[in-house]
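Structure assessment
Chain residues, written in single-letter form:
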Amino acid sequence: MAAQSILQKLEILADAAKYDASCASSGTAKRNSMGGPNGRGGIGSTEGMGICHAYAPDGRCISLLKILLTNHCVFDCHYCVNRKSSNVARARFTPQEVVDLTLAFYRRNYIEGLFLSSGIVKSSNHTMEQLVEVARILREEHDFRGYIHLKTIPEADAEMVHQAGLYADRVSINVELPTDSGLTRLAPDKNAAQIEGAMGKVKADLVEAKDARKRFRHAPRFAPAGQSTQMIVGADAATDSDIVGKASRLYDSFGLRRVYYSAFSPIPDASAVLPLKRPPLIREHRLYQSDWLMRFYGYKPADVMQATEPDGNLPLDIDPKLAWALKFRGAFPVDVNRASKEQLLRVPGLGVKAVGKILASRRHRALRLDDVARLTLSITKVRPFICTVDWRPVLLTDRADLRSLLAPKTEQLELFAA
Ligand code: SF4
């Protein structure tokens, strides 16, 4: 077989990486390219300047150079296009080739950093070694200050995963599926206990490094943007309740920065054990909204589960906050001028910022409906759930058709519209 050019490899390995949604860069320590150790400047920065965002055809953000080191894999996970039994073109970069590409793309201002994952070649340790080598060359030989997200291989030695965290801003270990039984069925070579064990070790390393930096200013950083994971949605029968329960357990047990949800995409030559259709993308969106409610609005996983339909899934036509409020109408209307912050955060249509402004301005005067209207995109959505000095809903909150009044109207797009 003729040797592949870098461009051909890039085409294959960037395409193979697009199924991983956990690429967002956030929360890391700021690093700029000024003033390197030898009086020279470094390369790259994490300070948000000159970032070129690009999107894959399926809408996923690829503003980082998002590639696999290789799409050869000795595992056979049914949902994965790179599994060993998949009939796809294969390619493999050397660590030096990934380094050269990253630097070249960064200098052209195409990317803000590198998101590097890999199929498992030879062995988990061999693969992990190669991933770490990319990060080492970038950081040590080129003084690269940009963002690096390394996907780690849970089966690799803990010491290698630790090395990854010393070079990378973020490390992630995919739990892949919401239930252990789903993992056993769809990823027979993977082991749920091993995945969680690796996450636990990363958490311990994060805590230790943070503690060391409190005592010693020059103690090495360890993955300052923390660890994250990804769960595939819709490849097995797990409901949104199962997914929310699993995500909240992962946040609590392993101090994860983010859990990403990736709607399963049917892949070429899909295995017969997978559903034929992808779940609606809006399901992924509803899960992100529920994740947001738990992280910023004080909802407990049980609250989100209460917002689900009898089949255990969140409604697709309305957001989970509105779904919860419609089920628990007894908690409304809340008086905007007296309610606690927690109560206000439960009002559909009021965001964290709007609630902050309400709390600040009601110290000076009693708020009217118009005042609240200025803080929200849709006062229609908020009105049934609040009282103000000039507004007190009488029957509106209890109307049987309230859901249809508040659900966003679906609009038929014109086929030949300009
Ligand atoms: S180990 Fe990773 S790359 Fe290999 S088949 Fe499974 S999901 Fe795909």
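Anyway, here's the lowdown on the structure attached to this text. This structure is a prediction, so every number in the text was calculated from the model and none was measured.

Another point: the overall build of the chain. Scanning the chain from N- to C-terminus turns up 15 helices and 8 strands. Considering the chain as a whole, with its 418 residues, one finds that 52% of them fall into the buried category. For the chain, the share of sequence-separated contacts (at least 6 apart) that also reach a separation of at least 24 residues comes to 68%. In the structure as shown, the chain presents an accessible area of about 20,400 Å², 55% of it carried by carbon and sulfur atoms.

Turning our eyes to something else, we now look at helix α4 (residues 158-167). Of all the positions in α4, only Met-160, Val-161, Ala-164, Gly-165 and Tyr-167 are classed as buried. Seen from one end, α4 has its buried residues packed into an arc of 165°, which puts them on one side. Residues of α4 that are buried make contact with α3 (124-142), β3 (147-151), β4 (170-172) and α6 (192-215).

Within a sheet, neighbouring strands are paired by backbone hydrogen bonds and run either parallel or antiparallel to one another. The strand order across the open sheet built from 6 strands is β1-β2-β3-β4-β5-β6, with neighbouring strands paired in parallel fashion. For this open sheet the edge positions go to β1 (65-68) and β6 (258-263), each flanked by a neighbour on one side alone. Each neighbouring strand pair of the sheet contributes to a mean axis angle of 20°, computed without reference to strand direction. Across 3 bridges, β3 lies against β4 in parallel orientation. Counterpart to Lys-151 in the pairing with β4 is Ser-172. Against the sheet, helix α7 (residues 240-254) contacts β5 (227-233) and β6, and its axis sits at roughly 170° relative to β5.

This next bit is on empty space enclosed by the protein. Tallied over the full model, the rule gives 3 cavities of 30 Å³ or more. Approximately 620 Å³ is the volume attributed to the largest cavity. Lining the largest cavity are 35 residues, and of these Asp-20, Tyr-79, Cys-80, Asn-174 and Glu-176 sit closest to its centre. Only α1 (6-17), β5 and β6 provide two or more residues apiece to the lining of the largest cavity. In terms of residue class, the lining of the largest cavity is made up of 19 nonpolar, 9 polar and 7 charged. What the second largest cavity holds in volume is close to 50 Å³. Forming the walls of the second largest cavity are Val-175, Leu-177, Thr-179, Asp-180, Leu-183, Ala-192, Ile-195, Glu-196 and Lys-246. Listed by contribution, the elements that provide at least two residues to the lining of the second largest cavity are α5 (180-186) and α6. When residues of the lining of the second largest cavity are assigned to their parent elements, the largest contribution, 3 residues, is made by α6. Residues that form the lining of the second largest cavity fall into these classes: 5 nonpolar, 1 polar and 3 charged.

To continue, consider the site of the ligand. Around the ligand sit Cys-73, Phe-75, Cys-77, Cys-80, Arg-83, Gly-119, Ile-120 and Lys-190, and that is every residue in its neighbourhood. In a pocket analysis with a 2 Å cut-off to the grid points, the ligand is assigned to the largest cavity. Here the shell around the ligand is built from residues that sort into 5 nonpolar, 1 polar and 2 charged.

Another aspect to go through is the packing of α1 against helix α2 (residues 95-107). The N-to-C vectors of α1 and α2 enclose an angle of 85°; their axes lie 12 Å apart at closest approach. Judged on the interaxial angle alone, α2 and α1 are roughly perpendicular. Across the interface between the two elements, Ile-6, Lys-9 and Leu-10 of α1 pack against Glu-97, Leu-101 and Phe-105 of α2.

Counted according to the given criterion, the structure contains 23 salt bridges. Where Glu-97 meets Lys-9, a salt bridge forms, and the shortest distance between an N and an O atom there is 3.0 Å. Of this pair, Glu-97 sits in helix α2 while Lys-9 sits in helix α1, and the two are 88 residues apart along the sequence. Linking Asp-371 and Arg-374 is a salt bridge whose minimum nitrogen-to-oxygen distance equals 2.7 Å. The exposure class of Asp-371 is buried, given its relative accessible area of 11%. Judged by relative accessible area, which is 63%, Arg-374 ranks as exposed.

Covered by surrounding structure in β1 are Leu-65 and Ile-67 together with Lys-66 and Leu-68, the residues of both alternating faces. Handedness of the crossover joining β1 and strand β2 (residues 113-117) through α2: right-handed.

Moving on, we get to the pairing of β6. In terms of burial, β6 is largely enclosed, as 6 of its 6 residues are buried. Burial along β6 is two-sided: Arg-258, Tyr-260 and Ser-262 facing one way and Val-259, Tyr-261 and Ala-263 facing the other are all buried. As paired strands, β5 and β6 are joined by 6 bridges and run parallel to one another. Note on β6: the bridge partner recorded for Thr-229 is Val-259.

For the rest of this paragraph, the subject is the side chain of Ser-117. Position of Ser-117 among the secondary structure elements: in strand β2. Residues in contact with Ser-117, not counting those within four places in the same chain, are Ile-67, Leu-68, Leu-69, Leu-131 and Lys-151.

This part covers a nonpolar patch on the surface. Together, Trp-292, Phe-296 and Val-352 make up an exposed nonpolar region whose accessible area comes to about 290 Å². Mapped onto the fold, Val-352 is located in helix α12 (residues 352-361).

Calculation notes
- Residues numbered from 1 in each chain as written.
- Predicted model: local features only at pLDDT ≥ 70, side-chain atom pairs only at ≥ 80, totals over all residues.
- Heavy atoms only, no water.
- Helix = DSSP H or I, 4+ residues; strand = E, 2+ residues; numbered from the N terminus.
- Buried < 20%, exposed > 50% of the residue type's maximum accessible area, 1.4 Å probe, protein only.
- Contact = heavy atoms within 4.5 Å.
- Areas by Shrake-Rupley, 256 points an atom, 1.4 Å probe, with all protein chains shown as cover.
- Arc of directions from axis to C-beta.
- Pairing = 2+ DSSP bridges.
- Axes fitted to C-alpha atoms, helices over the stretch in contact; angles between N-to-C directions.
- 1 Å grid on protein atoms, 1.4 Å probe; cavity = no way out; pocket = protein on both sides within 12 Å on 5 of 7 lines; lining within 4 Å.
- Points joined across faces, edges and corners; volume = space filled by probe spheres on them.
- Nonpolar A, V, L, I, M, F, W, Y, C, P; charged D, E, K, R; others polar.
- Near = heavy atom within 4 Å.
- Sits in = over half its atoms within 2 Å of the grid points.
- Parallel < 35°, antiparallel > 145°, perpendicular 65-115°, else oblique.
- Salt bridge = Lys/Arg side-chain N within 4 Å of Asp/Glu carboxyl O.
- Right-handed = clockwise from strand over helix to strand, strands pointing away.
- Patch = residues over 30% accessible without salt bridge, like charges linked within 9 Å, V, L, I, M, F, W, Y side chains within 5 Å.

That's the geometry; what it means functionally is another story.
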